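Observations on the three-dimensional arrangement
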Amino acid sequence: MPEDNLVLVEGLRKWFPKHTSLLDRFLGMEREYVHAVDGVSFAIRRGEVFGLVGESGSGKTTTGRAILGLTPPTEGRVIFDDVDLTALDKTSLRKMRRRMQVIFQDPMASLNPRMSLGEAIGYGLRIHFPQLSSDERRDRVTGMLDKVGLSPANYFYNRFPHQLSGGQRQRAVIARALVTQPELVLADEPIAMADVSVRALLLDLMNRLKREFNLTYLFITHDLATAKYICDRIGIMYLGKLVEVAPLRELYTYPLHPYTQALLAAVPIPDPHRRRTKPMPKGEIPNPIHPPAGCRFHPRCPLAQDICSAEEPPLVELRPGHTVACHFAEQFLP
Ligand code: SF4
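Going along each chain's sequence as written, the residues are numbered from 1 onward. Per-residue local features are limited, in this predicted model, to residues with pLDDT of at least 70; the limit for side-chain atom pairs, both in listing and counting, is 80 or more; totals at the level of whole chains, interfaces and linings are taken over all residues. Based on all heavy atoms of the structure, the side-chain values leave hydrogens and waters out of the count.

**A short note on a nonpolar patch on the surface**
Like charges are joined within 9 Å and nonpolar side chains (Val, Leu, Ile, Met, Phe, Trp, Tyr) within 5 Å, but only among residues with over 30% relative accessible area and no salt bridge; these make up the patches. For accessible areas, the Shrake-Rupley method is used with a probe of radius 1.4 Å. Any residue's cover is judged against the shown protein chains and nothing else. The term salt bridge refers to a side-chain nitrogen of Lys or Arg lying within 4 Å of a carboxyl oxygen of Asp or Glu. Together, Leu23, Phe26, Leu27 and Met29 make up a nonpolar patch on the protein surface, roughly 510 Å² of accessible area in all. Tracing the chain through its elements places phenylalanine 26 in helix H1 (residues 22-26). Helical segments are the DSSP runs of H or I of at least four residues, strand segments are the runs of E of at least two, and each set is numbered from the N terminus.

Here is the structure:
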């Protein structure tokens, strides 16, 4: 594993069994699977913000959860700092969890309404740093409350989630994630439920904390405009596959996959005098139980040709650090 990779994902698959009725089983019907993630490989470099971007149902959240061991992969390996997480037993994986934390989309759902912020943020310290005295724990929690802008910290220490605004709740969730001094933070749509007025502030806060604590983020979003604000590199996912990976500026300047091009064209432009955004290509994401053969994007792709439904395009590097899975991507090279 090269020194600058914190995480290496190799051939990750996660299939969920579809619920089958007793009658189906009695009739001997074969069990079907939702192919949520279907053979994904990429690396996350130490200190970067790697964005996974795609529509709902693309498999980005399942990929993130599988990387952190929150859902066991069906196949493939996740190497974290030279340790194969997929080979660890539950106890060893639990120990590694201190180094990998999560910020979920809905702060109200991720905070226990009956716990004060002091208790909620201190909980991870109780588990991972049992040697700390209660005074030391309190100091660490109040220090972190200050870092995320919940000041005066002693006041917020005793507040409950329902006494906070949405933005303050998400700051508390960020504090809870960072108080155990993780190295990798999975941020799953962390600003999607925040007011538009505080979204940029939360992203700025995450950026500042990343620098201060030398963090690495896996940032999951459906929104390329948000990804542009914070990510260093981006992987575009479609129906359980990675279709394009590139550094941020490279991806925005030379999008090589028709799906990435469609996502970029659909990003709203905040200027009423400029042309309107284009809609996404027609059609829904196909059923992940029976994904299309060949290129999974072919039923919606405006450039699809016969080969696209017959052969799956491999992910190949067409420019330095820029990989894409499309039979006809070369036509978009500068
Ligand atoms: Fe479109 Fe074919 Fe490229 Fe898939 S391989 S994105 S269907 S042109």
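**Some remarks on the sheet that holds strand S5 (residues 83-84)**
In short, DSSP must find at least two bridges between two strands for them to pair. The strand order across the open sheet formed by 4 strands is S2-S1-S4-S5, and the pairing between neighbours is antiparallel. Sheet topology places strand S2 (33-45) and S5 at the edges, where each strand pairs with a single neighbour. Strand direction decides the pairing type here: strand S1 (residues 5-17) and strand S4 (residues 75-80), joined by 5 bridges, are antiparallel. Residue arginine 13 lies in a different strand from S4, and its bridge partner there is glutamate 75.

**Observations concerning the site of the ligand**
With respect to spatial proximity, the complete set of residues near the ligand consists of His257, Pro258, Cys295, His298, Cys301, Leu303, Ala304, Cys308, Pro313, Cys326, His327 and Phe328. Split into classes, the residues belonging to the shell around the ligand amount to 9 nonpolar, 3 polar and no charged. Residues are classed as near a molecule or strand on a simple rule: at least one heavy atom within 4 Å of it. Think of it as three bins: nonpolar holds Ala, Val, Leu, Ile, Met, Phe, Trp, Tyr, Cys and Pro, charged holds Asp, Glu, Lys and Arg, and polar takes everything else, Gly as well.

**Focus: the environment of isoleucine 103**
Within the fold, isoleucine 103 resides in strand S6 (residues 100-103). Throughout, exposure labels follow a simple rule: accessible area from a 1.4 Å probe, protein chains only, divided by the maximum for the residue type, with under 20% read as buried, over 50% as exposed, and the rest as partly exposed. Given a relative accessible area of 1%, isoleucine 103 falls into the buried group. In sequence terms isoleucine 103 and isoleucine 174 are 71 residues apart; their C-alpha atoms lie 6.3 Å from each other.

**Description of the pairing of S6**
The side-chain alternation of S6 yields two buried faces, one formed by Met100 and Val102 and the other by Gln101 and Ile103. Sheet topology note: the S6/strand S7 (residues 184-188) ladder contains 4 bridges and is parallel. From the neighbouring strand, glutamine 101 faces S7, where its bridge partner is valine 185.

**Observations regarding the packing of helix H8 (residues 166-178) against helix H9 (residues 196-213)**
At a closest axis distance of 11 Å, the pairing of H8 and H9 adopts a crossing angle of 15°. Judged by the angle between their axes, H8 and H9 are roughly parallel. Between H8 and H9 the crossing geometry is right-handed. Contacts from Gly167, Gln170, Arg171, Ile174 and Leu178 in H8 reach Val198, Leu201, Leu202, Leu205, Met206, Leu209 and Phe213 in H9. Class assignment for the residues of the contact of H8 with H9 results in 9 nonpolar, 2 polar and 1 charged. The convention used is that axes are lines fitted to C-alpha atoms, helices contributing only their stretch in contact, and that angles between N-to-C directions extend from 0 to 180 degrees. Just so you know how the angles are binned, under 35 degrees is roughly parallel, over 145 roughly antiparallel, 65 to 115 roughly perpendicular, and the rest oblique. Should the near helix be turned counterclockwise from the far one by less than a right angle, the crossing is left-handed, whereas a clockwise turn marks it as right-handed. In this description, contact between two residues means that some pair of their heavy atoms is separated by no more than 4.5 Å.

**A look at the side chain of threonine 63**
With respect to the helices and strands, threonine 63 occurs in helix H2 (residues 60-67). Look at threonine 63 and you get buried, because its relative accessible area is 0%.

**As for the sheet that holds strand S8 (residues 216-221)**
One open sheet accounts for 8 strands, arranged S6-S7-S8-S3-S9-S10-S12-S11; its pairing is mixed. At either margin of the open sheet sits one strand with a lone partner, and together these are S6 and strand S11 (316-319). Going from strand to strand, the sheet's axes swing by 25° on average, the running direction of each strand aside. Relative to S8, strand S3 (residues 49-53) is paired through 5 bridges, and the arrangement is parallel. Within the sheet, the bridge partner assigned to phenylalanine 50 lies in S8 and is leucine 218. Lying on the sheet, H2 is in contact with S3, S7, S8 and strand S9 (233-238); it crosses S8 at an angle near 155°.

**With respect to the pattern of salt bridges**
Across all of its chains, the model carries 14 salt bridges by this definition. Aspartate 84 is the partner of arginine 77 in a salt bridge, and the nearest nitrogen-oxygen pair spans 3.6 Å. Relative accessible area serves as the criterion here: at 18%, aspartate 84 is assigned to the buried category. Two residues, glutamate 312 and lysine 241, come together in a salt bridge whose shortest N-O distance is 2.9 Å. Placement of glutamate 312 in the loop between helix H13 (306-310) and S11 and of lysine 241 in strand S10 (residues 241-247) is noted, with a sequence separation of 71 residues between them. Under the relative-accessibility criterion, glutamate 312 is labelled partly exposed at 48%. Given a relative accessible area of 14%, lysine 241 falls into the buried group. The network of salt bridges with shared partners includes Arg13, Asp38, Glu75 and Arg296.

**Some points on the nonpolar core**
The tendency in soluble globular proteins is for nonpolar side chains to be buried side by side. Here, nonpolar core means buried Ala, Val, Leu, Ile, Met, Phe, Trp, Tyr and Cys residues that are tied together by side-chain atoms lying within 4.5 Å of each other. Core analysis: the largest hydrophobic core is formed by 57 residues, its most contacted members being Leu145, Ile174, Leu224, Ile234 and Ile236. Element by element, the count of residues in this core is highest for H8, at 6 residues. In this structure, isoleucine 236 is in contact with Val53, Leu224, Lys241, Leu242, Val243, Glu244, Leu251, Tyr259, Thr260 and Leu263, ignoring residues within four places of it in sequence. The next biggest cluster of nonpolar side chains, apart from the first, holds 28 residues, and it includes Val37, Phe50, Leu68 and Leu184.

**Examining the pairing of S11**
Examined bridge by bridge, S11 and strand S12 (residues 322-324) share 3 bridges and lie antiparallel to one another. Paired with arginine 319 across the strands is histidine 322, a residue of S12. Between S11 and the antiparallel strand that follows it, S12, lie 2 residues; glycine 321 among them carries a positive phi value of about 75°.

Everything listed here is a matter of geometry and, on its own, says nothing about what the molecule does.
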